[in-house]
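One letter stands for each residue in the lines below.
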Amino acid sequence: MSIKEFVQKFYKSDALIDSEVLKTYLHPEIIIDWNSSKGFIQLDYDSIVEMANELSRAYVRSKVRISHIIAEEDLVSVRYSHYVKTIENPREEMLLAHFAVIWQIKDDKLYRGYQMSQFS
């Protein structure tokens, strides 16, 4: 499997709201540098897993729609929109945010992420 296919598989899975699935994609030394409309945060393995746990408590479904994906050497750039369905209203899909991220892959896992987002 190419690194591009690996990243596509990651976003098509339930990893963003299922920490057990998420763990299969994460390198133990993962770091994400995230610039969002709310400011800068840096996430490590534990904080990424905790974020997935928080999302799973709020949302019953998560869907990523990728508009662009480019791979070169050990890097994959992805532009996508993240949609969710809430526990209170599971029939209505709502846009959570737009993202652009560059992933570095190491040992067939997500190793470094450089992400920007704009929440709706």
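- Looking at an unreviewed UniProt entry, one finds the chain named Nuclear transport factor 2 family protein and attributed to Flavobacterium endoglycinae.

### Description of the packing of aromatic side chains
Working step 1: With the rule as written, the count across this model stands at nine aromatic pairs.
Working step 2: Arranged with centres 6.3 Å apart and planes meeting at 80°, the rings of Phe10 and Trp103 form a pair that is edge-to-face. Taken as a pair, Phe10 in helix α1 (residues 3-12) and Trp103 in strand β5 (residues 93-106) lie far apart in primary sequence, 93 residues in all. For the residue pair Phe10 and Trp103, the accessibility class agrees, reading buried in each case.
Working step 3: The aromatic ring of Phe119 is capped on one face by Lys38, whose charged end is 5.1 Å from the ring centroid.

### Some details on the nonpolar core
Working step 1: Grouped together as the largest cluster of nonpolar side chains are 27 residues, with contacts concentrated most on Val7, Phe10, Tyr11, Leu22, Val78, Trp103 and Leu110.
Working step 2: Contributing elements (two or more residues each) for this core: α1, β1 (26-36), α3 (45-58), β3 (59-72), β4 (75-86) and β5.
Working step 3: In terms of residue count, β5 provides more of this core than any other element does, five residues in total.
Working step 4: Residues in contact with Trp103, not counting those within four places in the same chain, are Val7, Tyr11, Ile30, Ile32, Asp74, Leu75, Val76, Leu110, Arg112 and Gly113.
Working step 5: Core analysis: the next-biggest nonpolar cluster, separate from the first, contains five residues, Ile17, Leu55, Tyr59 and Val84 among them.

### Some details on a nonpolar patch on the surface
Working step 1: A cluster of nonpolar residues, Leu75, Ile102 and Tyr114, forms a patch on the protein surface that exposes about 240 Å² of accessible area.
Working step 2: Under the relative-accessibility criterion, Tyr114 is labelled partly exposed at 38%.

### Section: the sheet that holds β5
Working step 1: What the six strands build is an open sheet, ordered β2-β1-β6-β5-β4-β3; its pairing is mixed. Single-partner strands in this sheet number two, and they are β2 (39-44) and β3. With direction set aside, neighbouring strand axes in the sheet form an average angle of 20°.
Working step 2: The pairing of β5 with strand β6 (residues 109-119) spans 10 bridges and is antiparallel. Residue pairing across strands places Ala97 opposite Phe119, the latter belonging to β6.
Working step 3: Here α1 sits on the sheet and contacts β3, β4, β5 and β6; the angle it forms with β3, its principal contact strand, is near 165°.

### Let's talk about the pairing of β5
Working step 1: Direction of pairing for β4 relative to β5: antiparallel, over a ladder of 11 bridges. Among the inter-strand pairings, Val76 is bridged to a residue of β5, identified as Trp103.
Working step 2: Count of turn residues in the β4/β5 antiparallel hairpin: six residues.

### A word on the environment of Val101
Working step 1: Mapped onto the elements of the fold, Val101 is located in strand β5.
Working step 2: As a C-alpha pair, Val101 and Ala15 span 86 residues in sequence and 16 Å in three-dimensional space.
Working step 3: Setting aside residues no more than four positions away along its own chain, Val101 makes contact with Tyr11, Val76, Ser77, Val78, Tyr80, Tyr114 and Gln115.

Parameters and conventions
- Residues numbered from 1 in each chain as written.
- Predicted model: local features only at pLDDT ≥ 70, side-chain atom pairs only at ≥ 80, totals over all residues.
- Heavy atoms only, no water.
- Phe/Tyr/Trp six-rings, centres within 6.5 Å; stacked < 30°, edge-to-face > 60°.
- Helix = DSSP H or I, 4+ residues; strand = E, 2+ residues; numbered from the N terminus.
- Buried < 20%, exposed > 50% of the residue type's maximum accessible area, 1.4 Å probe, protein only.
- Lys NZ or Arg CZ within 6 Å of the ring centre and 35° of its normal.
- Core = buried A, V, L, I, M, F, W, Y, C linked by side-chain atoms within 4.5 Å.
- Contact = heavy atoms within 4.5 Å.
- Patch = residues over 30% accessible without salt bridge, like charges linked within 9 Å, V, L, I, M, F, W, Y side chains within 5 Å.
- Areas by Shrake-Rupley, 256 points an atom, 1.4 Å probe, with all protein chains shown as cover.
- Salt bridge = Lys/Arg side-chain N within 4 Å of Asp/Glu carboxyl O.
- Pairing = 2+ DSSP bridges.
- Axes fitted to C-alpha atoms, helices over the stretch in contact; angles between N-to-C directions.

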